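# Coordinate inspection notes
Residues per chain are reported as follows:
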Amino acid sequence: MLSERRLQVLRAIVQDYVGTEEPVGSKALTERHNLGVSPATVRNDMAALEDEGFIAQPHTSAGRIPTDKGYRLFVDKLAGVKPMTAPERRAIQNFLEGAVDLDDVVARTVRLLAQLTRQVAVVQYPSLTRSTVRHVELLSLAPARLMLVLITDTGRVEQRMVDCPAPFGEASLADLRARLNSRVAGRRFTDVPALVEDLAEPFEAEDRGTVSTVLSTLLETLVEENEERLMIGGTANLTRFGHDFPLVIRPVLEALEEQVVLLKLLGEAKDPGVTVRIGHENAHEGLNSTSVVSVGYGSGGEAVAKLGVVGPTRMDYPGTMGAVRAVARYVGQILAES
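In this numbering scheme, every chain counts its residues from 1 along its sequence in written order. The model is predicted, so local features are restricted to residues of pLDDT at least 70 and side-chain atom pairs to those at 80 or more, both for listing and for counting; the totals for chains, interfaces and linings are taken over all residues. Heavy atoms from the whole structure form the basis of all side-chain values; hydrogens and water molecules are not counted.

In the annotation of an unreviewed UniProt entry, the entry for the protein reads Heat-inducible transcription repressor HrcA, and the organism field reads Streptomyces coelicoflavus. The UniProt entry for the protein carries this comment under Sequence similarities (unreviewed entry): "Belongs to the HrcA family." UniProt positions are given in the numbering used here, feature names are shortened, and annotations may be inferred rather than shown by experiment.

Structure follows, in C-alpha cells:
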C-alpha cells in the first residue's frame, strides 16, 4: 500500500500532467502543490512511485508521467466525480429537450458529449432485448392490408406493413388490438413470444389466418431490430491529441470504425455505474493508448444501453466522468417522459 503522502504526490502528478501536457518534475510539484515536504522528499517519493510502476520517465525528460497503472489508482482512489455546474446542467437539459424523436435524442447526445468532453462520443441505441412494449397500434389501410406500429418504453417506433390472407373487419381489428395490448403492454420484449402464443384461438376461423400473420410480423420485428446500433461523433477531437498517441492515430481511428469493438468497449448495459477502462485494459490493440469512460442509461432506473467517450489516457477523469454521468441521467429522464 502507498502512504498517504505518496498518493498525494501521484494525484498532483496526474493533475499537472493532464493540465500542462508536460512531464512533471519534483521542483514544479513542490511549487504548485502544498505537499508540506522538501523537493528532495518528493524526489524520493517519485522514485518509489516509479519503482512500483505508477509513473514513468518518457525518453530523456527530467519529469515523470503517469502510467496506465498510475491513472487506474488515481481513478479508483483519488479522483472524485466532478459535478456539473447549474448553468451546465440547464444547458444539457435544454439542448436534449429539443429532440423530436429517438434518433434525434441519440444524435444530440453524441454532439453534446463530444462538445462537453472534447473527446470522441459513442452512444448505443436502446437495445430492444432490454426494452418493454409501451403500445402496439394496428391501423387498417385497405380491407386486407394493415399497418403495425410498435412503440417501446424508450420511444423507439417501428412500423411494418401486414398483407392479410383475407379481409379483416374493423370490429375484429379493434378486438385484436385490445387483446394484444392487454397481453404485451408493459412487458419485456423477450417475454412477448410466449405471451401471444395462443392469442389467435378466441377468433373466428376466417380471422385466425390474419391474426397469425399479424403476430408473425410482430415477432419478426422484435428479432429484426435485435442488432445493436451505435452513433459516434467528435472523431476530429482526436487530432488535437496527436502527441498523446505514441505511434500514429490511424489504429485508434480504425478501431473506432468497428462497431463490434465499440460495443465491447462500452461494456454490458446492465452495469449502470460509471466504468473507466484505461490504456491496456482495452483488449483491442488499436485502443491501448486510449481511455474509455462509459455509463448505462435508461428510463425507470434500469439501463437499456450505454453511452461514453473515448480519448487519450491523459484525460480529465473527474470532469469526463461527471459529464458522462450527467448526460446519461438527462437522456434517461427524456426517454421516461417521451
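Before going further, it helps to spend a moment on the environment of Gly 319. In this description a helix means any DSSP run of H or I spanning at least four residues, a strand means any run of E spanning at least two, and both kinds are numbered starting from the N terminus. Of note, Gly 319 is situated in helix H12 (residues 317-337). Burial status follows relative accessibility: with a 1.4 Å probe on protein chains alone, a residue under 20% of its type maximum counts as buried, one over 50% as exposed, and anything between as partly exposed. The exposure class assigned to Gly 319 is buried, which follows from its relative accessible area of 17%. Placed 235 residues apart in sequence, Gly 319 and Met 84 show a C-alpha to C-alpha distance of 8.2 Å.

Once that is clear, we can look at unusual backbone geometry. One can expect most non-glycine residues to show negative phi and most peptide bonds to be in trans. Phi is positive for Glu 21, which is not a glycine, with a value near 65°. Structurally, the position occupied by Glu 21 is in the loop between helix H1 (4-20) and helix H2 (26-32). Although it is not a glycine, Arg 118 adopts a positive phi angle of roughly 55°. For Arg 118, the position within the fold is in the loop between helix H6 (102-117) and strand S3 (120-124).

Working definition: rings of Phe, Tyr and Trp (its six-membered ring) pair if their centres are within 6.5 Å, and the pair is stacked with planes under 30 degrees apart, edge-to-face with planes over 60 apart, and tilted otherwise. Inspection of every chain in the model, using the stated rule, returns one aromatic pair. Consider the rings of Tyr 71 and Tyr 317, whose centres lie 5.6 Å apart with planes at 50°: the pair is tilted. Taken together, the residues Tyr 71 in helix H4 (residues 68-78) and Tyr 317 in helix H12 connect sequence positions 246 residues apart. With relative accessibility at 2%, the residue Tyr 71 sits in the buried group. Cation placement over rings: the criterion is NZ of Lys or CZ of Arg within 6 Å of the ring centroid and within 35° of the ring normal. Above the plane of the ring of Phe 203 lies Arg 179, whose end atom (NZ or CZ) is 5.5 Å from the centre.

The next thing to look at is the packing of H1 against helix H3 (residues 39-51). Contact pair H1 / H3: the axes reach a minimum separation of 10 Å and the direction vectors enclose 85°. Relative to H3, H1 is oriented roughly perpendicular. Contacts from Arg 5, Arg 6, Val 9, Leu 10 and Ile 13 of H1 reach H3 at Thr 41, Val 42, Asn 44, Asp 45, Met 46, Ala 48 and Leu 49. When grouped by side-chain class, the residues that make up the contact of H1 with H3 number seven nonpolar, two polar and three charged. Interaxial angles span 0 to 180 degrees and are taken between N-to-C directions of axes, which are lines fitted to C-alpha atoms, for helices over the stretch in contact. What sets the label is the angle itself: under 35 degrees gives roughly parallel, over 145 gives roughly antiparallel, 65 to 115 gives roughly perpendicular, and the rest give oblique. Should any heavy atoms of two residues lie within 4.5 Å, those residues are counted as being in contact. Following the grouping adopted for this structure description, the nonpolar residues are Ala, Val, Leu, Ile, Met, Phe, Trp, Tyr, Cys and Pro, the charged ones are Asp, Glu, Lys and Arg, and the polar ones are all others, Gly among them.

Within the patch definition used here, like charges are joined within 9 Å and nonpolar side chains (Val, Leu, Ile, Met, Phe, Trp, Tyr) within 5 Å, considering only residues with over 30% relative accessible area and no salt bridge. Using a 1.4 Å probe, accessible areas were evaluated by the Shrake-Rupley method; residue-level cover was limited to the displayed protein chains. Salt bridge, as applied in this entry: a Lys or Arg side-chain nitrogen positioned within 4 Å of an Asp or Glu carboxyl oxygen. Nonpolar side chains collect at one region of the surface, where Leu 139, Leu 141 and Met 161 lie side by side and expose about 260 Å² of accessible area between them. Here Met 161 lies in strand S6 (residues 157-163). In this structure Met 161 comes out as partly exposed when scored by relative accessible area, which is 42%.

If you look at soluble globular proteins, the nonpolar side chains tend to sit buried side by side. Of all hydrophobic cores here, the largest spans 57 residues; its most connected members are Leu 29, Leu 307 and Tyr 317. Ranked by residue count, the leading element in this core is H12, at 11 residues. As annotated, the domain borders come from an automatic or database domain assignment. Two domains each provide a minimum of three residues to this core, namely domain 1 (2-75) and domain 2 (84-125 + 227-335). Among the nonpolar cores identified, the runner-up in size contains 24 residues, and Val 136, Leu 138, Ala 200 and Leu 222 belong to it. Nonpolar cores are built from buried Ala, Val, Leu, Ile, Met, Phe, Trp, Tyr and Cys residues. Side-chain atoms within 4.5 Å join them into one set.

The charged-residue count follows a simple rule in which Lys and Arg add positive charge and Asp and Glu add negative charge, with His and chain termini not counted at all. To locate a charge, take NZ of a lysine, CZ of an arginine, CG of an aspartate or CD of a glutamate. Together, Arg 89, Arg 90, Arg 325 and Arg 329 make up a positively charged patch on the protein surface. Those elements that provide at least two residues to the positive patch are helix H5 (86-97) and H12. Tracing the chain through its elements places Arg 89 in helix H5. With a relative accessible area of 34%, Arg 89 lands in the partly exposed category.

Strand pairing is defined by DSSP finding a minimum of two bridges between the two strands. In space, the five strands of this open sheet follow the order S7-S3-S10-S9-S8, with antiparallel pairing throughout. Two strands bound the open sheet, and with one partner strand each, they are strand S7 (230-233) and strand S8 (275-278). For this sheet the average axis-to-axis angle between neighbouring strands, irrespective of direction, equals 15°. Examined bridge by bridge, S3 and S7 share four bridges and lie antiparallel to one another. If you follow Val 122 over to S7, its bridge partner there is Ile 232. Each of S3, S7, S8, strand S9 (290-297) and strand S10 (305-312) is contacted by helix H11 (residues 259-266), which is oriented at about 90° to S7, the strand it contacts most.

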